[in-house]
Amino acid sequence: MVNEIAGSNNSLGTEEAVSEKLVNLLKCLGKGDDYTDVETAEASIKGFEVVSQGREKYTVYKVEVVYPHSLLRARTIHRRYSDFHQLRAELIRENTELVSSLPFPSKRFFGSNLDKAFLDRRLEGLQVFLRTVLEMKDLKKDKALQSFLSMDSNENSEDATKMLQQELQETVDVLKDNLRVSHCLQTDLEDLINLKEEKDQEIENLIQENKMLRRKKDSVMKLLRGPKGNSTSITHEENL
């Protein structure tokens, strides 16, 4: 029980985190599954995958987008090189001076676009471009970038649902833990109250016992001293 109390401070200290999770959850539920704070988003390319669709083969880049202030803190979106190229074109249209000078991997006109060494270099170039764009506050407000970072309507819906369920389960687990600790503290408090009552009763019993012993002592002392008249009579009879 002592260990329970000792560990309760950490559990109770998570109340603010739980409150934040619940607030974010309400925001997310209120605004739909696509609720994200895109202006605070961070993104990085985690890899690529060559996809076969019939006779066509193309490369898809896996972009992890992190939303620090959203309930669904991370999502993975899939974008092709053409999506990055379109993003750059739309950003240049509205922010020519800022974007036109940013490094961007060029198209390949000779050789295979599926060569691993080439794809590795292209990924690095796209990574630099995306990171640079996200570091510019003016560009982060651009609708083209927000659309690029947003999930497609049919993309990762299952993953988003799993993440939401995981966040809910973590919140429920923390609340259960706090409830368990609260119950332990309540039980300990009741035990302490009962113990105090027992000690108070023992003290009261000792006080009453002390009073009774004092009365007995007084009675014995009175008997030992006896009445003065009786003491004189006894002494006279003994002399006769």
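Bear in mind that the values here come from a model prediction, so they are computed numbers and not experimental data. (Residues numbered from 1 in each chain as written. Predicted model: local features only at pLDDT ≥ 70, side-chain atom pairs only at ≥ 80, totals over all residues. Heavy atoms only, no water.)

Chemist: In this structure, what is going on with the sheet that holds strand 2 (residues 56-66)? I would like to understand it.
Modeler: Adjacent strands of a sheet form backbone hydrogen bonds with each other and so pair up, either parallel or antiparallel. Across the sheet, which stays open at both edges, the three strands sit in the order 1-2-3 with antiparallel pairing between neighbours. Of all the strands in the sheet, just strand 1 (42-53) and strand 3 (74-79) have a single pairing partner and so form its edges. Within this sheet the neighbouring strands show an average axis-to-axis angle of 25°, counted without direction. Judged from the six bridges that link them, strand 2 and strand 3 form a sheet pairing that is antiparallel. For Val63, the partnering residue across the bridge sits in strand 3 and is Ile77. Sheet strands in contact with helix 5 (residues 116-134) are strand 1 and strand 2, and its direction is about 145° off that of strand 1. (Pairing = 2+ DSSP bridges. Helix = DSSP H or I, 4+ residues; strand = E, 2+ residues; numbered from the N terminus. Axes fitted to C-alpha atoms, helices over the stretch in contact; angles between N-to-C directions. Contact = heavy atoms within 4.5 Å.)

Chemist: What exactly am I supposed to notice about the environment of Asn95 here?
Modeler: Within the secondary structure layout, Asn95 lies in the loop between helix 3 (81-94) and helix 4 (96-99). Judged by relative accessible area, Asn95 falls into the buried class, the value being 17%. With 47 residues separating them in the primary sequence, Asn95 and Asp142 have C-alpha atoms 9.3 Å apart. Beyond its immediate chain neighbours, meaning those up to four positions away, Asn95 contacts Leu139 and Asp142. (Buried < 20%, exposed > 50% of the residue type's maximum accessible area, 1.4 Å probe, protein only.)

Chemist: Explanation requested: the packing of aromatic side chains in the structure shown.
Modeler: The geometry of two aromatic rings is summed up by the distance between their centres and the angle between their planes. Under the definition given, this model contains five aromatic pairs. Ring centres of Tyr61 and Phe84 lie 6.2 Å apart, and the angle between their planes is 90°; this geometry places the pair in the edge-to-face category. Residue Tyr61 is located in strand 2, and its partner Phe84 is located in helix 3; the two are separated by 23 residues in the primary sequence. Centroid distance Phe84 to Phe148: 5.0 Å. Interplanar angle 65°. Geometry classified as edge-to-face. With Phe84 in helix 3 and Phe148 in helix 7 (residues 143-149), this pair connects stretches of sequence that are 64 residues apart. Overall, Phe84 belongs to the buried group, its relative accessible area being 0%. A relative accessible area of 6% means that Phe148 is categorised as buried. Within the aromatic cluster, the residues linked to one another by ring pairs are Phe48, Tyr61, Phe84 and Phe148. (Phe/Tyr/Trp six-rings, centres within 6.5 Å; stacked < 30°, edge-to-face > 60°.)

Chemist: Hey, could you run me through the packing of helix 3 against helix 5 in this one?
Modeler: Helix packing for two helices is described by the angle between their axes and how far apart those axes are. Contact geometry for helix 3 and helix 5: axes closest at 12 Å, N-to-C directions at 35°. As for the relative orientation of helix 3 and helix 5, their crossing is left-handed in sense. The segment helix 3 lies against helix 5, with Tyr81, Phe84, Leu87, Arg88 and Leu91 engaging Arg122, Leu126, Phe129, Leu130 and Val133. A breakdown of the residues in the contact of helix 3 with helix 5 according to their chemical character gives eight nonpolar, no polar and two charged. (Left-handed = near helix turned anticlockwise from the far one by under 90°. Nonpolar A, V, L, I, M, F, W, Y, C, P; charged D, E, K, R; others polar.)

Chemist: I tried to follow the nonpolar core on my own but got confused; where do I start?
Modeler: One recurring pattern in soluble globular proteins is that nonpolar side chains are buried together. Membership of the largest hydrophobic core comes to 28 residues, with the highest contact counts inside it found for Phe84 and Leu149. Taken together, the elements giving at least two residues each to this core come down to strand 1, strand 2, helix 3, helix 5 and helix 7. It is helix 5 that contributes the most residues to this core, eight residues altogether. Among all residues touching Phe84, those that are not within four sequence positions of it are Ile45, Tyr61, Val63, Arg79, Phe104, Leu126, Phe129, Leu130 and Phe148. (Core = buried A, V, L, I, M, F, W, Y, C linked by side-chain atoms within 4.5 Å.)

Chemist: It is not clear to me how the pairing of strand 1 should be interpreted in this structure. Could you clarify?
Modeler: Each regular strand shows side chains that alternate between the opposite faces of the sheet. Inspection of the sheet shows strand 1 paired to strand 2 by 11 bridges, in the antiparallel sense. Pairing of Gln53 across the sheet is with Glu56, part of strand 2.

Chemist: For this particular structure, what's the right way to read the side chain of Gln127?
Modeler: Considering the arrangement of structural elements, one finds Gln127 in helix 5. Accessibility expressed as a relative area gives 15% for Gln127, which makes it buried. Not counting the four nearest positions on each side in its chain, Gln127 is found in contact with Ala43, Ser44 and Ile45.

Chemist: What is the right way to read the pattern of salt bridges from this model?
Modeler: This model, assessed by the stated rule, comprises seven salt bridges. Where Glu56 meets Arg80, a salt bridge forms, and the shortest distance between an N and an O atom there is 3.8 Å. With Glu56 in strand 2 and Arg80 in the loop between strand 3 and helix 3, this pair connects stretches of sequence that are 24 residues apart. Relative accessible area serves as the criterion here: at 32%, Arg80 is assigned to the partly exposed category. Across the pair Asp177 and Arg180 runs a salt bridge whose closest N-O atoms are separated by 2.6 Å. Here the residue Asp177 and the residue Arg180 both occupy positions in helix 8 (residues 157-225), the gap between them amounting to three residues, near one helical turn. Residue classification places Arg180 among the partly exposed residues on the basis of a relative accessible area of 39%. (Salt bridge = Lys/Arg side-chain N within 4 Å of Asp/Glu carboxyl O.)

Purely geometric stuff here, so don't read any function into it on its own.
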